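Summary of structural features
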Amino acid sequence: MEDSALVVFSGGQDSTTCLFWAKKNFKRVVALCFTYGQKHVKEVEIARAIAEHAGVDFHLLDATFIGTLGTSSLTDSSLVMDQEKPADSFPNTFVPGRNLFFLSIAAVFAREQSIRNIITGVSQTDFSGYPDCRDTFIRSANVTINLAMGEQFIIHTPLMWINKEQTWALADQLGVLDLVRTKTLTCYNGIVGDGCGKCPACKLRKAGLDHYLANKNKEND
Ligand code: ZN
């Protein structure tokens with residue numbers, strides 16, 4: 001078993017699943033959470049509570065400059081959130097540069113703690129098509145960060161090639177299906193657990209869960 005890992009952690013479905021994946025694969029796990037100017041600041045308290053429950057060290061860093069630098073409906077209340085993915089682009093819930101900043105900051109933070117494994121819950125199968133969730137970006141960022149610091153970090157992306165249904169299956173395998181379902185915050189309207197049911201994040205999360213539970217019940221019949 002590898003020694004230690006840092007999880008870029010938001011308290012949502014994906015990063016919470018990654019947190020428990022990390023606990024299974026590493027002796028010591030540290031959760032790093034960011035404020036980036038998100039409208040729903042209670043996200044941070046939810047993340048802290050999950051980390052505490054998981055028995056993982058929780059650290060919070062202020063990166064609110066990210067939200068003020070670029071435009072996103074997740075950080076600007078005056079913008080109406082895109083409900084659909086535009087045909088030729090990604091929705092305005094995209095936060096420009098977020099994952100690049102997060103990974104760079106996480107690597108410096110990890111280095112100070114002698115941690116070389118960094119875990120992020122990004123997924124290429126995410127329907128939104130955010131460029132900084134793609135595998136090519138992560139590989140490129142990994143190389144750049146290693147060159148920038150003369151280190152050999154490994155960025156792990158356990159969810160990169162799996163969809164939401166498979167992410168629920170992974171949470172179930174890790175024994176945290178109920179925890180992820182009831183304690184995490186994915187909803188763009190800031191409602192914990194099953195959420196508002198109407199925003200794009202809730203719809204994606206619910207469709208995955210419904211599929212997973214339906215197939216699981218079929219297998220058990
Ligand atoms: Zn919602």
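Anyway, here's the lowdown on the structure attached to this text. Within each chain, residues carry numbers counting from 1 in the order of the written sequence. Predicted model: local features are reported for residues with pLDDT of at least 70 only, side-chain atom pairs are reported and counted for 80 or more only, and whole-chain, interface and lining totals are derived from all residues. Note that water and hydrogens are dropped before the side-chain values are worked out from all heavy atoms of the structure.

Considerations on the overall build of the protein
How we decide: Helix numbers and strand numbers start at the N terminus; a helix is a DSSP run of H or I with at least 4 residues, a strand a run of E with at least 2. Computation of the radius of gyration draws on C-alpha atoms, with the globule rule given as 2.2 Å multiplied by the number of residues to the power 0.38. A 1.4 Å probe rolled over the protein chains alone gives each residue an accessible area, and that area as a share of the maximum for its type sets the label: buried under 20%, exposed over 50%, partly exposed in between. In what follows, residue pairs with any heavy atoms lying within 4.5 Å of each other are defined as contacts. Values of accessible area rely on a 1.4 Å probe in the Shrake-Rupley scheme; residue burial ignores everything except the protein chains shown.
Counting its regular elements, the protein contains eight helices and five strands. Reading the helices (α) and strands (β) of the protein from amino to carboxyl end gives β-α-β-α-β-α-α-β-α-β-α-α-α. At 17 Å, the protein has a C-alpha radius of gyration in line with the 17 Å of a compact globule built from 221 residues. Looking at the protein as a whole, 50% of its 221 residues are labelled buried. The contacts of the protein with a sequence gap of at least 6 include a subset with a gap of at least 24, amounting to 70%. In the structure as shown, the protein presents an accessible area of about 10800 Å², 53% of it carried by carbon and sulfur atoms.

Re the coordination of the zinc ion
Threshold: Donor atoms are limited to N, O and S found within 2.8 Å of the metal ion, a distance that becomes 3.2 Å for Na, K and Ca. With water left out, some sites might look partial. Only two sets of limits are used to name each site, 85 to 135 degrees for every angle of a tetrahedral four-donor site, and over 155 degrees for opposite donors with all other angles from 65 to 115 for a square planar four-donor or octahedral six-donor site, with any other site named irregular.
On the protein side, the zinc ion has Cys-187 (SG), Cys-196 (SG), Cys-199 (SG) and Cys-202 (SG) as donor atoms, found 2.3 to 2.4 Å from it. Around the zinc ion, the four donor atoms sit at angles spanning 104 to 117°, and that spread fits a shape best called tetrahedral. Sequence spacing of the donor residues for the zinc ion, all on one chain, is C-x8-C-x2-C-x2-C. You'll find Cys-199 and Cys-202 in the same group, each marked buried.

A short note on helix H4 (residues 98–112)
Convention followed: In a helix, the anticipated span is given by 1.5 Å times the number of residues less one.
Taking 1.5 Å per residue, 15 residues should reach 21 Å; H4 reaches 21 Å between its end C-alpha atoms and fits that length. Phi turns positive one or two residues past the end of H4, at Ser-114, with a value near 60°.

A short note on the environment of Ser-15
Within the secondary structure layout, Ser-15 lies in helix H1 (residues 13–25). Under the relative-accessibility criterion, Ser-15 is labelled buried at 7%. The spatial distance from the C-alpha of Ser-15 to the C-alpha of Pro-200 is 18 Å, given a sequence separation of 185 residues. Discounting chain neighbours no more than four positions away, the residues touching Ser-15 are Val-7, Val-8, Phe-9 and Ser-10.

Topic: helix H2 (residues 42–54)
To keep it simple, the criterion reads: In this description, one arc is meant: the one made by directions from the helix axis to the C-beta atoms.
In this model, H2 (13 residues) spans 19 Å end to end at C-alpha, consistent with the 18 Å of a helix rising 1.5 Å per residue. Regarding H2, the residues found buried are Glu-43, Val-44, Ile-46, Ala-47, Ile-50, Ala-51 and Ala-54. Along the axis of H2, the buried residues cluster in a sector spanning 160°; they form a single face. Exposed residues lying more than 90 degrees from the buried face of H2 are Glu-52 and His-53. Turning to H2, the residues buried within the fold contact H1, strand S2 (26–35), strand S3 (57–62) and helix H7 (177–183).

A few points about the pattern of salt bridges
Two side chains carrying opposite charge are able to pair once their charged atoms lie near each other. The criterion, for reference: The salt bridge definition used is simple: a Lys or Arg side-chain nitrogen within 4 Å of an Asp or Glu carboxyl oxygen.
The tally for this structure, following the rule as stated, stands at nine salt bridges. In this structure, Lys-216 engages Asp-172 in a salt bridge whose closest nitrogen and oxygen atoms are separated by 2.8 Å. Taken together, the positions of Lys-216 in helix H8 (residues 200–220) and Asp-172 in helix H6 (residues 164–173) put the pair 44 residues apart, joining distant regions of the chain. The class for Lys-216 is partly exposed, based on a relative accessible area of 28%. For Asp-172, a relative accessible area of 22% corresponds to the partly exposed category. Ionic contacts of the salt-bridge type, sharing partners, join the residues Arg-111, Glu-112, Arg-116 and Glu-151 into one network.

Worth remembering: the numbers are spatial, not functional.
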